[in-house]
Amino acid sequence: MTNIQRVKFLSSVLTITLGLFAQTVFSTEIFRIEDASGRITYSDKATDGAKQIQLSDRVYRHLHRVKKVYDGDTLILENGKRVRLLGVNTPEIESRHRAGEPGGEQARLWLHNKLQDRKVYLEYDLEKQDKYQRLLAHVFLSDGKHVNLELIKNGLAFLNIMPPNLRHAKQFELAQKQAKQNKLGIWALPRYQARPLSAITSANSGWQRYTGVPQTIQHKKRYTYLNFNDQTNIRIDNEHLNYFPELTSYLGKMVEIRGWVSRRGGKYSIQIRHPSALIRQ
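A. Summary view of the pattern of salt bridges. Per the stated rule, a full pass over the model turns up 11 salt bridges. Here R222 and D237 are joined by a salt bridge, their closest N and O atoms 3.7 Å apart. Within this pair, whereas R222 is found in the loop between β13 (216-219) and β14 (223-227), its partner D237 is found in strand β15 (residues 232-237), the two being separated by 15 residues in sequence. Residue D237 is classed as buried on the basis of its relative accessible area, which comes to 10%. The partner of R258 in a salt bridge is E256, with the nearest N and O atoms 2.6 Å apart. Judged by relative accessible area, R258 falls into the buried class, the value being 10%.

Printed below as a string of structure tokens:
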């Protein structure tokens with residue numbers, strides 16, 4: 001192999017490797033193919049004679065300093081960027097725009113004590129920003145502690161999985177289940193206890209828990225609906241249906257719904273984005 005060929009080869013390998021890591025290595029099956037002339041190529045598809053490369057599962061994390069903790073799930077970096085913690089939602093704190101919710105100030109204070117003026121590592125998922133131009137990230141301390149996960153473990157936050165950002169989702173689900181069983185934090189507060197869907201009113205606001213039995217399924221262009229009665233449904237974006245089991249498996253079964261109530265076309269509706277917010281009893 002000439003020097004020029006060697007440089008081209010190393011450049012190709014570097015390009016492939018960087019590309020793979022930039023995609024956070026969700027597909028870790030990469031194959032090395034060498035043909036009869038000694039030419040080496042790489043592919044994510046296995047062919048005769050191809051050898052699989054063992055890639056690192058390491059995910060890149062980016063070091064930043066926290067300037068301010070805004071609330072229990074939002075912080076502001078030294079560079080002015082606002083960061084929304086992935087996978088979690090904490091109760092609202094009081095502001096000129098809204099009333100505070102039980103547990104909101106406790107979550108903010110906990111996060112402030114952990115992060116204010118400290119350096120943290122941000123780990124991104126498939127979507128790096130939301131529609132408000134906030135960074136979406138998992139936050140880690142220098143000792144490896146996963147801040148998003150700790151909020152859930154301590155009963156300071158509810159699970160809020162937003163596809164396609166599913167990294168750590170299983171770990172979050174287990175942590176929330178344990179926090180609920182142990183009645184930690186928000187799980188012990190009257191405000192967040194499950195109520196029957198018949199208790200829904202226009203005054204309901206914020207994150208809620210309801211129980212009911214879905215009766216029918218209705219398919220429309222953007223959403224699929226699980227109808228509980230003529231006035232109440234939950235809706236699932238058709239792009240998210242593949243995350244759920246067959247919706248018929250919910251019919252006639254008592255389920256718990258977790259989310260935010262909206263009034264749509266004279267009906268009460270709750271949007272569900274992930275099965276963790278629709279639990280069969």
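B. Up close: the sheet that holds strand β6 (residues 82-85). The strand order β4-β5-β6-β9-β8 describes a closed barrel built from five strands, whose pairing is mixed. Between one strand and the next, the sheet's axes are offset by a mean angle of 60°, whatever the strand orientation. Pairing of strand β8 (residues 119-123) with strand β9 (residues 135-140), which is carried by three bridges, proceeds in the antiparallel orientation. For E123, the partnering residue across the bridge sits in β9 and is H138.

C. Examining the packing of aromatic side chains more closely. A full pass over the atoms with the stated rule returns six aromatic pairs. Aromatic side chains F158 and Y192 sit 5.0 Å apart centroid to centroid with 65° between the ring planes, which places their arrangement in the edge-to-face category. Placement of F158 in strand β10 (residues 158-160) and of Y192 in the loop between α4 (169-181) and β11 (195-196) is noted, with a sequence separation of 34 residues between them. Across the pair, Y192 and F158 agree in class, each one buried. Here the aromatic rings of F158 and W207 are separated by 3.5 Å at their centres, their planes lie at 15°, and the arrangement is stacked. Here W207 lies in strand β12 (residues 207-212) and F158 lies in strand β10, a separation of 49 residues in the sequence.

D. Examining helix α2 (residues 104-115) more closely. If you check α2, its first and last C-alpha atoms are 17 Å apart, about what 12 residues at 1.5 Å a residue would give, namely 16 Å. Inspection of α2 places G104, A107, R108, W110, L111 and L115 among the buried residues, and these make up the whole buried set. For α2, the arc enclosing every buried residue in end-on projection is 165°, short of the 170-degree limit, so these residues lie on one face. Buried-residue contacts for α2 involve β4 (62-71), β5 (74-77), β6, β8, β9 and α3 (147-153). The positive-phi residue at the C-terminal boundary of α2 is D117, with phi of around 65°.

E. Quick peek at the nonpolar core. Among the nonpolar cores identified, the biggest contains 29 residues, and L115 and L122 are the most heavily contacted of them. Looking at this core, the elements with two or more residues in it are β4, β5, β6, α2, β8, β9, α3 and α4.

F. A look at the pairing of β9. Across the six residues that make up β9, a large majority, six, are buried. Both faces of β9 are covered, namely the face carrying L135, A137 and V139 and the face carrying L136, H138 and F140.

G. A look at unusual backbone geometry. Looking along the chain, the bond that leaves P163 and enters P164 is cis, with omega of 10°. Mapped onto the secondary structure, P164 falls in the loop between β10 and α4. The backbone of K183 shows a phi angle near 50°, a positive value even though the residue is not glycine. Relative to the assigned elements, K183 resides in the loop between α4 and β11. Residue class for K183 comes out exposed when judged on its relative accessible area of 60%.

H. Structural detail: the environment of Q52. By the element assignment, Q52 lies in strand β3 (residues 51-53). Sequence separation between Q52 and I33 is 19 residues, and the spatial gap between their C-alpha atoms is 9.0 Å.

I. A look at α4. Taking 1.5 Å per residue, 13 residues should reach 18 Å; α4 reaches 18 Å between its end C-alpha atoms and fits that length. Regarding α4, the residues found buried are A169, F172, A175, Q176 and A179. End-on view of α4: buried residues confined to an arc of 125°, all on one side of the axis. Summarising the geometry of α4, the exposed residues directed more than 90 degrees from the buried face are K170, K177 and Q181. Positive phi appears at K183, one or two residues downstream of α4, with a value of about 50°.

J. Structural detail: the environment of R118. Relative to the helices and strands, R118 is located in the loop between α2 and β8. For the pair formed by R118 and K68, sequence separation is 50 residues and the distance between their alpha carbons is 9.7 Å. Not counting the four nearest positions on each side in its chain, R118 is found in contact with H64, R65, V66 and L141. Within the local environment of R118, its side chain forms a polar contact with the backbone oxygen of K114, the two atoms lying 3.1 Å apart.

The rules behind each value
- Residues numbered from 1 in each chain as written.
- Predicted model: local features only at pLDDT ≥ 70, side-chain atom pairs only at ≥ 80, totals over all residues.
- Heavy atoms only, no water.
- Salt bridge = Lys/Arg side-chain N within 4 Å of Asp/Glu carboxyl O.
- Helix = DSSP H or I, 4+ residues; strand = E, 2+ residues; numbered from the N terminus.
- Buried < 20%, exposed > 50% of the residue type's maximum accessible area, 1.4 Å probe, protein only.
- Pairing = 2+ DSSP bridges.
- Axes fitted to C-alpha atoms, helices over the stretch in contact; angles between N-to-C directions.
- Phe/Tyr/Trp six-rings, centres within 6.5 Å; stacked < 30°, edge-to-face > 60°.
- Expected span 1.5 Å × (residues − 1).
- Arc of directions from axis to C-beta.
- Contact = heavy atoms within 4.5 Å.
- Core = buried A, V, L, I, M, F, W, Y, C linked by side-chain atoms within 4.5 Å.
- Polar contact = N/O pair within 3.5 Å; in protein donor to acceptor, adjacent residues only side chain to side chain.

Shape descriptors only; they carry no functional weight alone.
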